[in-house]
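Architecture at a glance
These are the residues of each chain, in order.
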Amino acid sequence: MKYVDEYRDAELARTLGSEITALAEPGRHYKVMEVCGGHTHTIYKHGIEDHLPESVELVHGPGCPVCVIPMGRVDDGISIARQPNVIFTCFGDMMRVPGGNGSLLDVKAEGADVRFVYSPLDALKIARNNPDKEVVFFAIGFETTAPSTALTLMRAKAEKLRNFSVMCNHVTIVPPLMALLESPDLRLDAFIGPGHVSTVIGCRPYEFIPADYGQPVVVAGFEPLDLLQSIYMIMRQLAEGRNEVENQYGRVVPWEGNLRALDILQRVFELRPYFEWRGLGFISQSALKLSQEYADFDAELRWDIPGVRVADPKACQCGEVLKGVIKPWECKVFGTACTPETPIGTCMVSSEGACAAYYNFGRFARSKERAGA
Amino acid sequence: MCLAIPGQVAEIVDPATHIAKVDVGGVKRNVNIGLLVEEPGGIDVGDWVLIHVGFALSKVDEAEAAATLSLLRGMGEAFEDELEQLKASDIG
């Protein structure tokens, strides 16, 4: 097996950095949004910004599944977790997300049976092994994760598992991008497209961005060099006056996506008319719910949930962070009242959240310096 | 949770339910390969796949998989967490 030679990587990173600098027009400022939280993580972990000229600014996008869950949905989940005879399951990241009245971790400490699982199939197994309990899976994630929930539901249906249900919080990537592009708060120049979402949906869904908004999109992989190469491809498009969707991650992302996964999504889910996104507000047709055929497995139909909208804490500025309007360190409570240990906002909870990434990798001081603060 | 990690298919455990055993950095666990059964060339022992929450999301070539694994090892905590969670998983 061949392994990447780190020295050559560093050399190549430097080369890409100077190519990007050479393409930057003097006097022009470039705002490039990386949509995906996984990319945000790589950018801070590997100090990608250190290779970029100051005129190229990376703006962090809304592609962090945990970050966009509104407080009201956490409360709805908690209300189910508190029911007698329920085993409530979710991904580990979700446990510490604060709702209006504490988190799932708090409810667990109070005695509720809340368990974190690696996969929805683990939740299904818990249901199989506990036929006298109701097992609920709190599903989150973009199109990367939704097919996994869908296949799990198909399996549950085939096995006629009556004690398994899903509280569906799956969201779709294109509507929030459209909302951002329509937002007067933010003027972007280009997008780094999410790699893993695109393995499912492919590259075509982004074509409206160059067509209607005149901005390049480059779907990118997750290595530091992938990101630098994608930024280089974006800068080339901008320098040559082109606007296209390009696929830097072609070795993993097929242009048409995973047709089987898309077909499965179609079968198991349907679009909600609207869904609340933390910080972004209500966005129409931006989330999935279980289709009629799977209604028996819909936790929202099995239990009465409050379904109440809960406003974010006043001090929390996750909304502006998720829209890329402010940097994490510009939030009033960043690193003081809000830390990964005691998060106020979701962006500080998930390792893919921009605030947690800033906080954990110590990019704080440098970015502040760079912004002249 | 959005991390996807590469692993190599070691054994097809149950073709009916699309369960395969994959080797991720020496850790062998069951994952579901149902999303890839219609891929050109199908999916078989020896193939490298990208795994996300217990499901193989796409096929990757071996060199790519090696590069990603070495990168993920460098990521330290996030990769270790993901690997620990995979170890705790009991898909069947």
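Residues numbered from 1 in each chain as written. Chains lettered and ligands numbered in written order. Predicted model: local features only at pLDDT ≥ 70, side-chain atom pairs only at ≥ 80, totals over all residues.

**Details of the overall build of chain B**
Applicable threshold: Secondary structure elements are taken from DSSP: a helix is a run of H or I of four residues or more, a strand is a run of E of two residues or more, and numbering for both begins at the N terminus. The exposure scheme places C-beta atoms from the backbone and then counts, for each residue, the other C-beta atoms within 10 Å of its own, assigning buried at 20 or more, exposed at 12 or fewer, and partly exposed in between. The contact criterion used is a C-beta to C-beta distance within 7 Å, with each C-beta placed from the backbone.
When its secondary structure is counted, chain B shows two helices and five strands. When the helices and strands of chain B are read in sequence order from the N terminus, they spell out β-β-β-β-β-α-α. Taking all 92 residues of chain B together, the buried fraction comes to 49%. Nonlocal contacts in chain B, meaning residues at least 24 apart in sequence, comprise 45% of its contacts between residues at least 6 apart.

**Side note on the confidence of the model for chain A**
Stated precisely, the cut-off is as follows: The quantity called pLDDT is the predictor's confidence in a given residue, expressed from 0 to 100.
Of all residues in chain A, 95% attain a pLDDT of 70 or more, and the chain-wide mean is 91. Considering only residues more than four positions removed or in separate chains, one finds that residues 1-7 of chain A, a stretch of pLDDT under 50, has nine contacts.

**So, the interface of chain A and chain B**
Note the cut-off: Throughout this entry, Asp, Glu, Lys and Arg are counted as charged residues, while Ala, Val, Leu, Ile, Met, Phe, Trp, Tyr, Cys and Pro are counted as nonpolar. The remaining residues, Gly among them, count as polar.
Each side of the interface is counted separately: chain A has 34 residues, and chain B has 34 residues. Put simply, the parts of the chain that give the side of chain A that touches chain B at least two residues each are helix 2 (37-45), helix 5 (120-129), helix 6 (146-158), helix 8 (195-201) and helix 11 (259-268) of chain A. A breakdown of the residues in the side of chain A that touches chain B according to their chemical character gives twelve nonpolar, twelve polar and ten charged.

**Some remarks on the nonpolar core**
Here is the rule we go by: A set of buried residues drawn from Ala, Val, Leu, Ile, Met, Phe, Trp, Tyr and Cys, joined through C-beta atoms within 7 Å, is what defines a nonpolar core.
With 144 residues, the main nonpolar core has A:Val32, B:Ile51 and B:Ala56 as its most contacted residues. Tallying contributions element by element places helix 10 (residues 224-239) of chain A first for this core, with eight residues. Those residues within four positions of A:Val32 in sequence are excluded, and the remaining contacts are A:Val56, A:Leu58, A:Val59, A:Asp189, A:Ala190, A:Ile192, A:Ile231 and A:Ile234.

**Digging into the pairing of strand 5 (residues 55-60) of chain B**
Residue and element names in this part refer to chain B. Heads up, the rule is: A pair of strands is considered paired only if DSSP assigns at least 2 bridges between the two.
Strand 5 sits mainly inside the fold: six of its six residues count as buried. As paired elements, strand 4 (residues 48-52) and strand 5 share five bridges and run antiparallel to each other. Looking across to strand 5, one finds that Leu50 is bridged to Ser58. Between strand 4 and strand 5, which pair antiparallel in sequence order, lie two residues; one of them, Val53, sits at a positive phi of approximately 40°.

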